[in-house]
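Architecture and fold: a report
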Amino acid sequence: MKDVATYAAQQKAASRDELVERHAPLVKRIAYHLISRLPPNVQVEDLIQSGMVGLLEAARNYDAGQGASFETYAGIRIRGAMLDDIRKTDWAPRSVHRKARQVAEVVHEIENAKGRDAKDSEVAEALGISLDEYHQIVADASNSKVFSFDEIFATGETEQKERIMGHLPSPYEGIQEADFQQDLATAIGGLPERERLVMSLYYDDELNLREIGEVLGVSESRVCQIHGQAMVRLRARLADWLSGPEA
């Protein structure tokens, strides 16, 4: 009986090893897809290392009975492992998060008072800083907030992910998510035209900042500023949803 159990364990381990070996290229594919959309301090080798951990976990935990292919399941685990590791080593100092919150609060106040988009000059004046300082803050906000908003824009796959991971949201959670998606869509639709275009090119067409700059005929740093302005404006307009504790 012991020999049978040992043989079964060996077969299972061999099957896991085969899955890992066969899907190792998937890790590199996902890493190189992500790296073009991340801050320059993130190294692709680190993403690959994190992704391999995710692949190993996927091979250990995969249950074909859930109805998803291994590649689909592994892809979610690999990407999740990469983003988790990036969050743990967040490059942005606390001051970046604090300043981004301050800018969002001022944008919220100005837009509520005036009933229109807040202008850069108005926000900078209210904060008592120069335009250059304001643009630097929103550029930093663009980089530091890319991960959370990346996930928000991928929520079309949420139900599939939840099902694969063995948990479906309760009806109340489902209503909350639907309400948030509606508010997010409304907030994006209300962005100034250039900010809306940058968000569309970045999240829908999956272009990186350099490629968006080529499309718009501006520098990569300017695209980063526009993206950051959009992120701050969305944060201001979704304040009720995003008012949880910050890192």
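Residues numbered from 1 in each chain as written. Predicted model: local features only at pLDDT ≥ 70, side-chain atom pairs only at ≥ 80, totals over all residues. Heavy atoms only, no water.

Now for helix 2 (residues 44-61). Taking 1.5 Å per residue, 18 residues should reach 26 Å; helix 2 reaches 25 Å between its end C-alpha atoms and fits that length. Taken together, the buried positions of helix 2 are occupied by Val44, Leu47, Ile48, Ser50, Gly51, Gly54, Leu55, Ala58 and Ala59. (Helix = DSSP H or I, 4+ residues; strand = E, 2+ residues; numbered from the N terminus. Expected span 1.5 Å × (residues − 1). Buried < 20%, exposed > 50% of the residue type's maximum accessible area, 1.4 Å probe, protein only.)

What follows covers the packing of aromatic side chains. Within the structure shown, the criterion is met by two aromatic pairs. Arranged with centres 5.2 Å apart and planes meeting at 85 degrees, the rings of Tyr62 and Phe70 form a pair that is edge-to-face. Take Phe70: its relative accessible area is 6%, and that puts it in the buried class. With a centroid separation of 5.7 Å and an interplanar angle of 50 degrees, the aromatic rings of Tyr62 and Tyr73 are classed as tilted. You can see Tyr62 sitting in the loop between helix 2 and helix 3 (70-88) and its partner Tyr73 sitting in helix 3, a full 11 residues away along the chain. Judged by relative accessible area, which is 27%, Tyr62 ranks as partly exposed. In this structure Tyr73 comes out as buried when scored by relative accessible area, which is 5%. Aromatic ring contacts, followed pair by pair, group Tyr62, Phe70 and Tyr73 into a single cluster. (Phe/Tyr/Trp six-rings, centres within 6.5 Å; stacked < 30°, edge-to-face > 60°.)

Here the focus is the environment of Val223. Locating Val223 in the fold gives a position in helix 12 (residues 220-237). Given the relative accessible area of 0%, Val223 is considered buried. Val223 sits 10 residues away from Gly213 along the chain, and the two C-alpha atoms are 6.0 Å apart. Not counting chain neighbours up to four residues away, the residues in contact with Val223 comprise Val198, Leu209, Ile212, Gly213 and Val218. (Contact = heavy atoms within 4.5 Å.)

Another aspect to go through is the confidence of the model for the chain. Averaged over every residue, the pLDDT of the chain is 76; residues scoring 70 or more account for 72%. Under a pLDDT of 50 for its full length, residues 150-165 has, in the predicted model, 31 contacts with residues more than four places off or in other chains. In this model, residues 167-174 is a region of pLDDT below 50 whose contacts with residues beyond four sequence positions or in other chains number seven contacts. (pLDDT = per-residue confidence, 0-100.)

The terminal C-alpha atoms of helix 10 (residues 193-204), which comprises 12 residues, lie 15 Å apart, in line with the 16 Å expected from a rise of 1.5 Å per residue. By the burial criterion, the buried members of helix 10 are Glu195, Val198, Met199, Leu201, Tyr202 and Tyr203. Phi for Glu206, located one or two positions after helix 10, is positive at around 60 degrees.

The subject of this paragraph is the nonpolar core. Counting residues in each nonpolar core, the largest one holds 21 residues, and the members touching the most others are Leu47, Leu55, Phe70, Ala74, Ile78 and Met82. Going through the elements one at a time, helix 1 (2-35), helix 2 and helix 3 are the ones with two or more residues in this core. Once residues lying within four places of it in the same chain are set aside, the contact partners of Leu55 are Val20, His23, Ala24, Val27, Phe70, Ala74 and Ile78. In terms of nonpolar packing, the next biggest core, distinct from the first, is built from 20 residues, Ala139, Ile188, Leu216 and Ile226 among them. (Core = buried A, V, L, I, M, F, W, Y, C linked by side-chain atoms within 4.5 Å.)

The subject of this paragraph is the side chain of Ser50. Along the polypeptide, Ser50 turns up in helix 2. Apart from residues lying up to four places away in sequence, Ser50 is in contact with Ala81, Met82 and Asp85.

For the structure shown, the criterion picks out eight salt bridges. Among the ionic pairs, Arg237 bridges to Glu111, the shortest N-O distance being 2.9 Å. Pair noted here: Arg237 is in helix 12 and Glu111 is in helix 4 (residues 94-114), with a separation of 126 residues, a long-range link. Residue classification places Arg237 among the partly exposed residues on the basis of a relative accessible area of 28%. For Glu111, a relative accessible area of 11% gives the class buried. The residue Arg116 makes a salt bridge to Glu122 at a minimum N-O spacing of 2.5 Å. (Salt bridge = Lys/Arg side-chain N within 4 Å of Asp/Glu carboxyl O.)

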